[in-house]
Amino acid sequence: MANAAAMSAGATPSSKKGGAHSHPAPPKIVAAAPPRELERYPLVLNNRPLNWITERIAGVCEKPMPIWWWPAFIVSFGGMMLMAGLVTYLIATGVGVWGLNQPAAWAWDITNFVFWIGIGHAGTLISAVLCLLRQKWRTAINRAAEAMTLFAVACAGIFPVVHTGRVWMALWWLPPIPNNMAIWPQFRSPLLWDVFAVSTYGTVSLLFWYTGLVPDLATLRDRATCKIKRLLYGFFSLGWTGSNRNWSNYEKAYLILAGLSTPLVLSVHSIVSFDFAVSQVPGWHTTIFPPYFVAGAIFSGFGMVLTLMLPMRALFHLEDIITVKHVELMCKVILATGSMVGYAYGMEFFIAWYGGSPYELYAFKNRAFGPYWWAYWSMITCNVISPHLFWSKKIRTNMVLVWIIAGFVNVGMWFERFVIIVTSIHRDYLPSSWGYFTPTWVDVFTFVGSFGLFMTLFLLFIRYLPAIAISEVKAVTPQADPHHPLGGAKEHHH
Amino acid sequence: MPDPITKVTWENVVTVSPKTARELGLPLEKGTQIPQDQKAHDGQYRQITLRVTVSGVSVEGPVWVQPGLADGVVGLALGYGRTAVGRVGKGSGFNAYPLLTSKGPLLSGAKVEMVTKRALVAVTQEHGLMEGRPVVREANLDEYKKKPDFAKNMDLDGHLSYVPRNPDGSIKNIYQSPYKANPWTKSDINQWAMVVDLGTCTGCSACVVACQAENNIPIVGKGQVSRGREMHWMRIDRYYSYDPNIPASSEVAADDPQMVVQPMLCQHCENAPCESVCPVNATVHDNEGLNVMAYNRCIGTRYCSNNCPYKVRRFNFFDYNKRDNSFADADDHHFMDLTGPLYHGPLGKNRYAEKEWEIVKLVKNPDVSVRMRGVMEKCTFCVQRIEQAKIAVKVQARDSGNVRVPGNMVKTACQEACPAGAISFGNVLDPEASVNALQNDPRNYTVLGFLDNKPRVTYLARIRNPNPAMPDYYASPRSLQDYERIRGENPFEEHGHGGAHGHGDDHGKAGGSGHAAMTGGKGGQI
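Residues numbered from 1 in each chain as written. Chains lettered and ligands numbered in written order. Predicted model: local features only at pLDDT ≥ 70, side-chain atom pairs only at ≥ 80, totals over all residues.

### Quick word on the overall build of chain A
Right, on to step 1. When you go through chain A residue by residue, the secondary structure sums to 18 helices and zero strands.
Right, on to step 2. Taken along the three principal axes of its C-alpha coordinates, chain A extends 90 × 55 × 50 Å.
Right, on to step 3. Considering only residue pairs separated by 6 or more positions, chain A has 81% of its internal contacts joining residues 24 or more positions apart. (Helix = DSSP H or I, 4+ residues; strand = E, 2+ residues; numbered from the N terminus. Contact = placed C-beta atoms within 7 Å.)

Following this line, the structure appears as structure tokens:
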């Protein structure tokens, strides 16, 4: 079943050899194993057979959930209900139940929005960009990361909608619906760009995720033990038979979606950053924002992938599929993007001084030494210092430490958005308007509740769907490579 | 309405000077001259309570350290702390009348002691220093004579030579100035503008009250003010400037301040930053230079407010009209305490459904919409008066076609209320309009003009004339000294010719260009 993984022209060395002699021998297909020093690390450890992979991954969602799943689900579900209740209270009563004021007309609402949308960037990066770059290690993590993306986008989408004063009008007027008054949305507003960017991103991510799921849903359908499961998995697997034509169409669709998603990885957070960069507020009006936000989004996204994936890996015994090498590679992405983010922090300060605007300079001084200094230095500690611990291989391969540092990355990136938003607007041009923002408990628990929503969706995902792309992992095993000594479907049937 | 100087709302306070506060042993915070802890970690003012005793009678109230108050004096405002006044006056302030005797309002021999109790005080302005920003521009008479248009030579206005320009010399922006991009949208009949003379404004705040009454601006209660949600469309910004020879961190910095005030309202920018960020076109420009709000269209993203450099936009965080916003319920701990009828939402009472509303609504101006929660609002230049004037002129014009509103015909509510005549408003297309003359005054300047927002509200710089024979004579107002010191600039010299202080690192780019075009130039913004 290995899905057409014959991608390299493996026959060339032998044909070359053959060409050197006068009477050409038929080229040999079987290649010798590469020299040891050139051998790549295996993506699935212990030379697991294909059947083992299916059993292990499908087993997670076929067997009853372990005991811990239930308390985790109940707590998460409670969080989700808490958020639902608080959002209802907000919409019924007014935005004033949050701590917002003049001048800080945005605070936790938009911080949470940018935080979640940033987290949603890792999935698409892993699935789309790494797919186009032929990074085979992505296969072990892409499914869960994409799911995480979708759930993060769902959380992100809620905040900018409910933060408006009149949600019932917002949902009606933000889409460009032709109307008898001939009033269109304001196409110059970055908030409207957000509407398009986030909804496009959500849609494409969903399609991408679902397309990748189809072969695995068929696997689950074929293994289903009861009629309901068979019908539901059967319905969503769209009549997949595993024929060559199916695979050919699938590969094409997947590649097209990867191509469509790749620019979105860059565009969505660029557009989110325009919410700030396009404004006049000192501290927001910065051309560095688009690349800085994209790097930060990938940084935070990988932080969240690690936060979720490491416990999942341990609890479901997936160590042979999500290997230490995978975790190390993700740590390196965090290191790279974390360094970019750190560079951006430094560059912002340099430009604030070099740019010559005293207002800009003040905004940055105020960030570091003003009333919100604690937020700024929390951000610096988490985002600038902690990723550099990943220079050490010892730390990269210590799963507990990686998990803790990934947690710091998540915290730091939330603070980054808070710092950018609140410290800039709480003291802008006219000192008479300067103020201070304090959250209320409604602010805090709405955010806490959004984690409940996120975790509820994620727990349901691992309960009902294969959390790792079964067919794709198989495709990167030696068995799937016809040129590998173990290649071909010789020893193991599917 | 906030007190014109202290900016305290809803109650009276016991004012003492910074020096007296030190002598009383109030723990003062350096630089800010407010009692330590007065501004707690969450931005709220929780004041130490003082007990003032005169001839055996004592009253208690929250202290307010007031720079500029005479040392050794305790100031108490009368008329607060009423007990039989109904909802509005209940719980606001303390009654200082018990101290009063037939000897008159000046008492001596007061004994002051600290009470451990703290009280929340709601103020509308938290920061009182300009930080070297030339928001209010002022000079002494001699300096003014030397260079009458000095005010145009301040802030970054003179540093725009490196900015890309259009062929006509205006600054090149991503979006062209709307009236240039679409000239047909600009009326050639009426164009409105306002000039505020800082030389005559005393900061009395009558304009704030007039505006509130005219425009149905909701009263929000002390709790909301202390959270920074006052709704005034017009405010009086009050700035202190301390002696520049004393470091700001010194405890004596605020002992002898100068003070300036500035009415601040929607500047009706031609290139309005609020308009381009609204996702639903709820704030747009009309053809007569007004930045107008379509309340019905507003969804309340508040982006306009964030992008307003003047922070003059006000958001209805609650249904301030519909819900009962009792005033005495100022909560003390803002994180947890979301008590009070505003927070009950639909479970609270609906004032529109009560009989009393029939009376309350008579208070409202029928020509102005009452806004619901979730929408943004701000100064309209009293658009209802403008419209009435236009209708009146049209009725009068009949077939003559002369429908231009005479320059000084429309008076805004704030302008009418101003006892000093500091506010001028009118139709600049009428040569007779007083705003025309004032815009040509050399003192005319634009606040934050370098942003190229092209406000329709401009200010006339304030000129001081201190007597050289007096011991506290100063050669230059302190705010100007601050500006010169912090920015390293001298507005009385042309830029680019090497000022006395040279150009600091911050301004190197402006050198060698002569003086750039001024955005606040005379009449240039129309």
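### A short note on the sheet that holds strand β14 (residues 423–427) of chain B
Strands pair in a sheet through their backbones, by hydrogen bonds, and they do so in one of two ways: parallel or antiparallel.
Residues and elements named next belong to chain B.
Right, on to step 1. Here four strands make up an open sheet; going across it, the order is β14-β7-β16-β15 and the pairing mixed. Every interior strand has two partners, whereas the edge strands, β14 and β15 (444–445), have only one.
Right, on to step 2. Pairing geometry for strand β7 (residues 192–197) and strand β16 (residues 457–460), over four bridges, is parallel. Bridge pairing in β16 links Val196 to Tyr459. (Pairing = 2+ DSSP bridges.)

### Comments concerning the sheet that holds strand β5 (residues 111–123) of chain B
All names here are of chain B.
Right, on to step 1. Spatially, β1-β5-β3-β4-β2 is the arrangement adopted by the five strands of the open sheet, whose pairing is mixed. Because the sheet does not close on itself, it has two edges, and the strands there are β1 (8–9) and β2 (14–16).
Right, on to step 2. Of the pairings in the sheet, the one linking β1 to β5 comprises two bridges and is antiparallel in character. If you follow Thr9 over to β5, its bridge partner there is Ala122.

### Considering the nonpolar core
As a rule of thumb, soluble globular proteins bury nonpolar side chains together.
Right, on to step 1. Counting 249 residues, the largest nonpolar core has Met148 and Val305 of chain A as its most contacted members.
Right, on to step 2. Both domain 1 (8–123) and domain 2 (138–460) of chain B contribute no fewer than three residues apiece to this core.
Right, on to step 3. Discounting residues that sit within four places of it in the chain, Met148 of chain A has contacts with Gly123, Met304, Val305, Leu308 and Phe458 of chain A. (Core = buried A, V, L, I, M, F, W, Y, C linked by C-beta atoms within 7 Å. Buried ≥ 20, exposed ≤ 12 C-beta atoms within 10 Å, placed from the backbone. Domains from an automatic or database assignment.)

### Looking at unusual backbone geometry
Right, on to step 1. Residue Pro103 of chain A is reached from Gln102 of chain A by a cis peptide bond, and omega for that bond is 10°.
Right, on to step 2. Along the polypeptide, Pro103 of chain A turns up in the loop between α3 (69–93) and α4 (108–119).
Right, on to step 3. Backbone geometry places Arg134 of chain A, a non-glycine residue, at a positive phi of 60°.
Right, on to step 4. Relative to the helices and strands, Arg134 of chain A is located in the loop between α5 (121–132) and α6 (142–162).
Right, on to step 5. Classification of Arg134 of chain A by C-beta neighbours within 10 Å gives exposed; the count is 8.
Right, on to step 6. At Ser205 of chain B, a position not held by glycine, the phi torsion is positive, near 80°.
Right, on to step 7. Its place among the elements puts Ser205 of chain B in the loop between β7 and α4 (206–214).

### A look at the interface of chain A and chain B
Right, on to step 1. Of the residues lining the interface, 49 residues belong to chain A; the matching set on chain B comes to 60 residues.
Right, on to step 2. Secondary-structure elements contributing two or more residues to the side of chain A that touches chain B are α3, α7 (167–173), α8 (190–223) and α17 (441–464) of chain A.
Right, on to step 3. For the side of chain A that touches chain B, the class distribution of residues is 27 nonpolar, 19 polar and three charged. (Nonpolar A, V, L, I, M, F, W, Y, C, P; charged D, E, K, R; others polar.)

### Examining the confidence of the model for chain B
Residue and element names in this part refer to chain B.
Right, on to step 1. This prediction gives chain B a mean pLDDT of 84; 88% of its residues lie at or above 70.
Right, on to step 2. Confidence over residues 496–526 falls short of pLDDT 50; this stretch has 66 contacts with residues more than four positions distant or in other chains.
Right, on to step 3. We note a pTM of 0.89 for the whole complex and an ipTM of 0.88 for its interfaces. (pLDDT = per-residue confidence, 0-100.)

### Quick look at the environment of Asp188 of chain B
All names here are of chain B.
Right, on to step 1. Checked against the element boundaries, Asp188 lands in the loop between α3 (178–181) and β7.
Right, on to step 2. Under the C-beta neighbour-count criterion, Asp188 is labelled exposed, with 9 such atoms within 10 Å.
Right, on to step 3. Sequence separation between Asp188 and Ala21 is 167 residues, and the spatial gap between their C-alpha atoms is 58 Å.

### Regarding the packing of α6 of chain A against α8 of chain A
Residues and elements named next belong to chain A.
Right, on to step 1. Two elements in contact, α6 and α8, have axes separated by 10 Å at closest approach and are oriented at 155°. Relative to α8, the element α6 is oriented roughly antiparallel. Both α6 and α8 take part in a crossing whose hand is left-handed. On α8, the residues that touch Arg143, Glu146, Ala147, Thr149, Leu150, Val153, Ala156, Gly157 and Pro160 of α6 are Asp194, Val198, Tyr201, Gly202, Ser205, Leu206, Phe208, Trp209 and Gly212.
Right, on to step 2. Residues belonging to the contact of α6 with α8 are distributed by class as follows: ten nonpolar, five polar and three charged. (Axes fitted to C-alpha atoms, helices over the stretch in contact; angles between N-to-C directions. Parallel < 35°, antiparallel > 145°, perpendicular 65-115°, else oblique. Left-handed = near helix turned anticlockwise from the far one by under 90°.)

### Overview of the packing of helix α14 (residues 373–385) of chain A against helix α16 (residues 399–425) of chain A
Residue and element names in this part refer to chain A.
Right, on to step 1. One can describe the packing of α14 onto α16 by two numbers: an axis separation of 8 Å at closest approach and a directional angle of 145°. Where α14 crosses over α16, the two elements pack in a sense that is left-handed. Two secondary-structure elements touch here, α14 through Ala375, Tyr376, Ser378, Met379, Cys382 and Asn383 and α16 through Phe408, Val409, Val411, Gly412, Met413, Phe415, Glu416, Phe418, Val419 and Thr423.
Right, on to step 2. Of the residues in the contact of α14 with α16, the class split is eleven nonpolar, four polar and one charged.

### Points about the pairing of β7 of chain B
Residues and elements named next belong to chain B.
Right, on to step 1. A large share of β7 lies buried, amounting to six of its six residues.
Right, on to step 2. The alternating pattern of β7 places Trp192, Met194 and Val196 on one face and Ala193, Val195 and Asp197 on the opposite face, and all of these are buried.
Right, on to step 3. Across five bridges, the pairing between β7 and β14 is antiparallel. Opposite Trp192, over in β14, you have Asn427 as the bridge partner.

### Description of the environment of Gln224 of chain B
Residue and element names in this part refer to chain B.
Right, on to step 1. As for its placement among the helices and strands, Gln224 is situated in helix α5 (residues 222–226).
Right, on to step 2. Classification of Gln224 as buried rests on a count of 25 C-beta atoms within 10 Å.
Right, on to step 3. Taking C-alpha positions, Gln224 is 9.2 Å from Phe317, a pair spaced 93 residues apart along the chain.

### Focus: α5 of chain A
All names here are of chain A.
Right, on to step 1. With twelve residues, α5 ought to run about 16 Å at 1.5 Å a step, and its terminal C-alpha atoms sit 16 Å apart, in line with that.
Right, on to step 2. Where burial is concerned, most of α5 is hidden: ten out of the twelve residues are buried.
Right, on to step 3. The elements touched by buried residues of α5 are α4, α6, α8, α10 (244–277) and α11 (289–315).
Right, on to step 4. Just downstream of α5 lies Arg134, where phi reads positive at about 60°. (Expected span 1.5 Å × (residues − 1).)

### So, the confidence of the model for chain A
Right, on to step 1. Residues at a pLDDT of 70 or more form 91% of chain A, whose mean pLDDT is 87.
Right, on to step 2. Counting interchain partners and residues more than four positions distant, the pLDDT-below-50 stretch residues 1–21 of chain A has 27 contacts.

### As for α11 of chain A
Right, on to step 1. Its 27 residues give α11 of chain A an end-to-end C-alpha distance of 39 Å, which sits within 8% of 39 Å, the value for a rise of 1.5 Å per residue.
Right, on to step 2. Residue His317 of chain A follows α11 of chain A closely and has a positive phi angle near 55°.

### Re the pairing of β5 of chain B
Right, on to step 1. Sheet analysis places strand β3 (residues 45–54) of chain B next to β5 of chain B, joined by nine bridges and oriented antiparallel. Residue pairing for β5 of chain B: Thr49 of chain B is matched across the bridge by Val115 of chain B.

### A few points about the environment of Gly96 of chain A
Right, on to step 1. With respect to the secondary-structure elements, Gly96 of chain A resides in the loop between α3 and α4.
Right, on to step 2. On a C-alpha basis, the gap between Gly96 of chain A and Thr241 of chain A in space is 55 Å, while along the polypeptide they are 145 residues apart.

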